[in-house]
Amino acid sequence: MPQSLEFGLDTFGDVTTGADGRLKPQPEVLRDVVEEAVLADEVGVDFIGLGEHHRDDFAISAPEVVLAAIAGRTRRIRLGTAVTVLSTDDPVRLFQRFATLDALSEGRAEVMLGRGSFTESYGLFGFSLDDYEALFEEKLALFAALIRQPEVTWSGQSRAPLRRQRVWPPLGPGGLKTWIGVGGSPGSVLRAVRHDLPMMLAIIGGSPRRFLPFVDLYQRSYAEIGKAPQPLGVHSPGHVAPTDAEAQAEAFPAYKALHDRIGRERGWPAITRADFEREIEHGALYVGAPETVARKIAATTRTLGLARFDLKYSMGPLPHAALMRSIGLYGSVVIPRVRALLA
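Chemist: Describe the packing of aromatic side chains, and please don't skip the residues or the numbers.
Modeler: For the structure on display, the rule yields 8 aromatic pairs. Of the aromatic side chains, those joined through ring pairs into one cluster are Phe 12, Phe 58 and Phe 118. Geometry around Phe 47 places Arg 308 over its ring, the cationic atom sitting 4.0 Å from the centre.

Chemist: I'd like a description of the pairing of strand 1 (residues 6–11), backed by residues and values.
Modeler: In terms of residue burial, strand 1 counts as a mostly covered element, since 6 of its 6 residues are buried. Here 5 bridges tie strand 1 to strand 12 (residues 308–312), and the two strands are oriented parallel to one another. By the bridge assignment for strand 12, Glu 6 is matched with Arg 308. When strand 1 meets strand 2 (residues 47–50), the two strands line up parallel, connected through 4 bridges. Residue pairing for strand 2: Gly 8 is matched across the bridge by Phe 47. Remark: the strand 1/helix 1 (residues 26–42)/strand 2 crossover connection has right-handed handedness.

Chemist: Which residues make up the side chain of Glu 52, and what values do they have?
Modeler: Relative to the helices and strands, Glu 52 resides in the loop between strand 2 and helix 2 (63–71). Of the side chains with opposite charge, Arg 97 lies nearest to the buried Glu 52, which makes no salt bridge, at 6.3 Å. A polar contact is formed between the side chain of Glu 52 and the side chain of His 54, at a distance of 2.7 Å. A polar side-chain atom of Glu 52 sits 2.9 Å from the main-chain amide nitrogen of Val 85.

Chemist: So what's going on with the nonpolar core? Residues and values would help.
Modeler: Leu 9, Leu 113, Leu 201, Ile 297 and Tyr 330 are the most contacted members of the largest nonpolar core, which has 94 residues in total. The element best represented in this core is helix 11 (residues 320–342), accounting for 10 residues. The residues contacting Ile 297, other than those within four sequence positions of it, are Phe 7, Tyr 286, Phe 309, Tyr 330, Val 334 and Val 338. If you look at the next biggest cluster of nonpolar residues, it comprises 5 residues, including Phe 12, Phe 58, Phe 118 and Leu 258.

Cut-offs used in this document
Residues numbered from 1 in each chain as written. Predicted model: local features only at pLDDT ≥ 70, side-chain atom pairs only at ≥ 80, totals over all residues. Heavy atoms only, no water. Phe/Tyr/Trp six-rings, centres within 6.5 Å; stacked < 30°, edge-to-face > 60°. Lys NZ or Arg CZ within 6 Å of the ring centre and 35° of its normal. Buried < 20%, exposed > 50% of the residue type's maximum accessible area, 1.4 Å probe, protein only. Helix = DSSP H or I, 4+ residues; strand = E, 2+ residues; numbered from the N terminus. Pairing = 2+ DSSP bridges. Right-handed = clockwise from strand over helix to strand, strands pointing away. Lys, Arg positive; Asp, Glu negative; His and termini not counted. Salt bridge = Lys/Arg side-chain N within 4 Å of Asp/Glu carboxyl O. Polar contact = N/O pair within 3.5 Å; in protein donor to acceptor, adjacent residues only side chain to side chain. Core = buried A, V, L, I, M, F, W, Y, C linked by side-chain atoms within 4.5 Å. Contact = heavy atoms within 4.5 Å.

So, to be careful, I would describe these as geometric facts and stop short of saying anything about function.
What follows is the structure in structure tokens.
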């Protein structure tokens, strides 16, 4: 087991159902997310990641604001995103927001950059999907310069040029850990290596072993430039309950609601209970009792050589109380058990 193996939790602020069975208002969901992060800190989770979305089924559109609220109520947990849609943001303002969060949290901020699997932000902020690739490439180059250089000179097509520009507030001595979120394209892997940034694989379906070629490419590409690889992580969905049966009974209706809504937008078939159970047994769902989930995380960690595993613990309308219990079991039982299995 890597000495630095870390365990995280990710959420998009999925809109959950309340005690009356109705969907909660987004403001209440946001307050629940803060409570979930406070519990994660208390039970020893290393990292909390908030995903940026601009939809009615996910409440978090401004992750840094929520993370700042979490920073004021926690002591040790690291605070980041999962992911920030860099393509439709301004790298300078993004740097300022995270440098501010880092200062307020005394060095606990991180950021995970990606293009996002949803496209609502493009129209919302006046960008064209025709520029999907170019926007990310150009803005990533600028952001990488901002986190490494006290003074930046840059020019491109996506924003005004900078000439020997300092940006405030400055980062602290620890800098800003910046991950690249990768969905599974070789080009994205090579981009992470080119910018010398840690890579987070979003494995949301199928066997994690399918991603071994991307891990191999990551390692070989670093070897070719004579550098040690940056850390490698995995983000996958899951839910923990006292027994396998309870975990599956709680998770399936919520997982199906989330999957089928997105599927209707993207032309996917509706998911069946058999599909769900197959994904638990052979794929990317970490659903079950603590021992079941721990063994699966340990297997993925060994297979891919991970430095971090992030469980995407929110699952569509799954209620806040179930999420809190899952977080408690993940921190107090699953994480120590994974460490024991990998020792």
